Amino acid sequence: MNRQELIEQIQKKKSFLCIGLDVDLDKIPPHLLTKEDPIFEFNKQIIDATHYLAVAYKPNTAFYEAYGIKGWKALEKTINYINTNYPEIFTIADAKRGDIGNTSTMYAKAFFEDLNFDSVTVAPYMGSDSVEPFLAFKNKTTILLALTSNKGGLDFQGLKTDKQEIYKEVLETALTWKNSENLMFVVGATKAEYFEEIRKIVPNHFLLVPGVGAQGGNLQDVCNYGLNKDCGLLINSSRGIIYAKKDENFAKSAQKEALKLQQQMEQILNENN
């Protein structure tokens, strides 16, 4: 999926919602544990109930890798299910990879070719030669960690160089890399006051914004500073949607929570048109 196709989906659905598929077997409804593949069954029901409200799904690969080969197979089944049944959905492998050239190329092949994700999250710490192998893939998106939503995010990202904070250096430097038009950036919703400065550096790129909902980020605050002419935001909610209830009607409850966010997004988009 390319950028224009994503923009068209946002306009069609009046939504810029990304749903995080972070499956913890201790948190899913107990009746699913009797299924042959409870992780995939949980994801399938969430996806079927919410696909018309969301423009993206973001499985965090750690929640699959933790269960070994069974978890990895569940991830493969999940991405195949989305690509087959809802090909208009933008898919994000939240893997936070990043290593020297040849290794990054193999990571990219794993997520872009084997699993056929549209995008993957990448850590920038090792610099250009660790990121450009991801950017080389046509019609694929590399989502670079810039300013994360976690408590310790500013331990390093907020440190100042002679010129400015490191996260700003990351943004500016990344724009000089080959195929930088294929970049998105992760900016946490809990850092809403930073969006105005970030938009001065990357006015046109999409931002993936975790932290709305369970982590305390505010949708309106993010949009006040982060929206651009193409929307330019993917707002992720994971726990607040997928774990809304733990009974047999869990998917319906997830749908209701997703609908609440989508309706807020529709209102914001209408106000900014």
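Before reading on, note that the structure itself is shown above.
The structure displayed is predicted, hence computed values, not measured ones. (Residues numbered from 1 in each chain as written. Predicted model: local features only at pLDDT ≥ 70, side-chain atom pairs only at ≥ 80, totals over all residues. Heavy atoms only, no water.)

### Notes on the packing of aromatic side chains
Given two aromatic rings, one states the distance between the centres and the angle between the planes to describe the pair. Inspection of the entire model under this criterion finds 8 aromatic pairs. Here the aromatic cluster, defined as three or more aromatic residues joined through ring pairs, consists of F40, Y81 and Y86. (Phe/Tyr/Trp six-rings, centres within 6.5 Å; stacked < 30°, edge-to-face > 60°.)

### Let's talk about the environment of D247
Following the sequence through the fold, D247 ends up in the loop between helix 11 (239-242) and helix 12 (250-271). Linking D247 and D26, residues 221 residues apart in sequence, is a C-alpha distance of 13 Å. Apart from residues no more than four positions distant in its own chain, D247 is found in contact with P29 and H31. (Helix = DSSP H or I, 4+ residues; strand = E, 2+ residues; numbered from the N terminus. Contact = heavy atoms within 4.5 Å.)

### Here's the deal with the environment of L259
Along the chain, L259 turns up in helix 12. For the pair formed by L259 and I241, sequence separation is 18 residues and the distance between their alpha carbons is 9.6 Å.

### Some points on the packing of helix 10 (residues 219-226) against helix 12
At a minimum axis separation of 11 Å, helix 10 and helix 12 run at an interaxial angle of 30°. One way to sum up the angle between helix 10 and helix 12 is to call them roughly parallel. Our pair here, helix 10 against helix 12, has a crossing hand that is right-handed. In contact with L219, Q220 and C223 of helix 10, helix 12 contributes L261, Q264, M265 and I268. (Axes fitted to C-alpha atoms, helices over the stretch in contact; angles between N-to-C directions. Parallel < 35°, antiparallel > 145°, perpendicular 65-115°, else oblique. Left-handed = near helix turned anticlockwise from the far one by under 90°.)

### A look at the pattern of salt bridges
A complete count under the given rule lists 13 salt bridges for this structure. Notably, a salt bridge pairs K13 with E88, separated by 3.9 Å at the nearest N-O pair. Remark: E88 occurs in the loop between helix 4 (68-85) and strand 3 (90-97) and K13 occurs in helix 1 (residues 3-13); sequence separation between them is 75 residues. On the accessibility criterion, E88 (24% relative accessible area) is partly exposed. Among the ionic pairs, K229 bridges to D230, the shortest N-O distance being 3.1 Å. Through salt bridges with shared partners, a single ionic network connects E165, K168, E197 and K200. (Salt bridge = Lys/Arg side-chain N within 4 Å of Asp/Glu carboxyl O. Buried < 20%, exposed > 50% of the residue type's maximum accessible area, 1.4 Å probe, protein only.)

### So, the packing of helix 2 (residues 38-50) against helix 12
Interaxial distance between helix 2 and helix 12 falls to 9 Å at its minimum, and their mutual angle equals 45°. Between helix 2 and helix 12, the crossing angle belongs to the class labelled oblique. When you trace helix 2 past helix 12, the crossing you get is right-handed. Along the contact surface, helix 2 presents F42, Q45, I46, A49 and T50, while helix 12 presents F250, A251, A254, Q255 and A258.

### Digging into the pairing of strand 5 (residues 141-147)
When you tally the buried positions in strand 5, you get 7 out of 7 residues, the bulk of the element. Here 4 bridges tie strand 4 (residues 119-122) to strand 5, and the two strands are oriented parallel to one another. Paired with T121 across the bridge in strand 5 is I143. Between the parallel pair strand 4 and strand 5, the chain is carried across by helix 6 (residues 128-135), and the sense of this crossover is right-handed. Strand direction decides the pairing type here: strand 5 and strand 6 (residues 183-187), joined by 5 bridges, are parallel. Each residue of the ladder has a partner; that of L147, found in strand 6, is V187. (Pairing = 2+ DSSP bridges. Right-handed = clockwise from strand over helix to strand, strands pointing away.)

### Side note on a nonpolar patch on the surface
On the surface, I100, Y125 and M126 cluster together into a nonpolar patch covering about 400 Å² of accessible area. The topology assignment puts I100 in the loop between strand 3 and helix 5 (101-114). On the basis of relative accessibility, which here comes to 49%, the residue I100 falls in the partly exposed class. (Patch = residues over 30% accessible without salt bridge, like charges linked within 9 Å, V, L, I, M, F, W, Y side chains within 5 Å. Areas by Shrake-Rupley, 256 points an atom, 1.4 Å probe, with all protein chains shown as cover.)

### Digging into the nonpolar core
Among the nonpolar cores identified, the biggest contains 91 residues, and F16 and L233 are the most heavily contacted of them. The leading source of residues in this core is helix 12, at 8 residues. In this structure, F16 is in contact with I10, V55, L219, C223, C231, L233, L234, I235, M265 and L269, ignoring residues within four places of it in sequence. (Core = buried A, V, L, I, M, F, W, Y, C linked by side-chain atoms within 4.5 Å.)

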